[in-house]
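What the coordinates show
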Amino acid sequence: MNTCGFLDSAKAESLDAIGEALTENGRVIVTGCLGAEPDYITGAHPKVLAVTGPHQYEQVLDAVHDAVPPAPDPFVDLLPASSVSLTPRHYSYLKISEGCNHKCKFCIIPDMRGKLVSRPAHAVVREAERLVEAGVHELLVISQDTSAYGVDLKHAEDRGHRAHITDLARDLGSLGAPGCGCITSTPTRMCAR
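Reference entry: report on the structure contained in this document. (Residues numbered from 1 in each chain as written. Predicted model: local features only at pLDDT ≥ 70, side-chain atom pairs only at ≥ 80, totals over all residues. Heavy atoms only, no water.)

**Re the pattern of salt bridges**
Per the counting criterion, the structure on display carries 9 salt bridges. Close ionic contact of Asp62 with Arg126 constitutes a salt bridge, the shortest N to O distance being 2.5 Å. Taken as a pair, Asp62 in helix H3 (residues 57-67) and Arg126 in helix H5 (residues 121-133) lie far apart in primary sequence, 64 residues in all. A relative accessible area of 3% means that Asp62 is categorised as buried. Taking the shortest distance from any N to any O, the salt bridge between Arg159 and Asp66 comes out at 3.7 Å. In this pair, Arg159 sits in the loop between strand E8 (157-158) and strand E9 (161-162) while Asp66 sits in helix H3, placing the two residues 93 residues apart along the sequence. Put simply, Lys95, Glu98 and Arg113 are held in one network by salt bridges that share partners. (Salt bridge = Lys/Arg side-chain N within 4 Å of Asp/Glu carboxyl O. Helix = DSSP H or I, 4+ residues; strand = E, 2+ residues; numbered from the N terminus. Buried < 20%, exposed > 50% of the residue type's maximum accessible area, 1.4 Å probe, protein only.)

This is the structure:
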């Protein structure tokens with residue numbers, strides 16, 4: 001359920017709608033602006049399955065998949081569960097963030113891509129695990145400002161993974177063969193054998 005938290009009347013209306021949805025369905029995931037105040041929501045409705053804030057698209061999908069795990073159907077799905085790769089089977093690109101906070105006079109990236117927006121570390125690791133399971137041996141970590149990964153998230157830890165480039169490199173490196181040591185940079189390459 002998408003919510004509004006701008007006015008007190010909108011907050012009250014959102015809480016009423018959550019209550020109605022719980023009564024009707026029993027299973028509700030709350031997102032949107034009011035989701036920035038999770039204690040306010042769970043205080044009124046402790047039975048909600050999850051609360052996410054605005055622009056937390058991946059967290060909403062994670063909550064939905066936790067509540068109802070997706071079951072791919074090859075007769076209905078147009079794409080295979082492992083997705084379609086545009087690179088050879090042995091390597092894949094792994095995007096960890098978008099944009100840049102630097103305003104270098106020679107660079108258009110901040111104007112074109114916006115400010116730095118890092119993906120949550122657990123989402124990056126989950127995608128990497130799926131790629132490795134699909135047979136990828138080399139992950140090419142890409143972004144416009146790789147070293148700034150997680151700065152916008154204040155290096156938050158989520159589901160056992162910290163949003164910091166060194167921690168992410170360690171987590172991704174653990175997907176490879178023991179003692180492999182295949183880590184280089186620009187773009188960051190990590191062996192996943």
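**A few points about the nonpolar core**
Core analysis: the biggest nonpolar cluster contains 15 residues, and Leu94, Ile96, Val124, Leu139, Tyr149, Leu168 and Leu172 have the highest contact counts within it. When residues of this core are traced back to their parent elements, those giving at least two are H5, strand E7 (138-142) and helix H6 (165-173). Per-element tally for this core: the top contributor is H5, with 5 residues. Judged by nonpolar contacts, the second largest core, of 9 residues, contains Ala21, Leu22, Val28 and Leu34. (Core = buried A, V, L, I, M, F, W, Y, C linked by side-chain atoms within 4.5 Å.)

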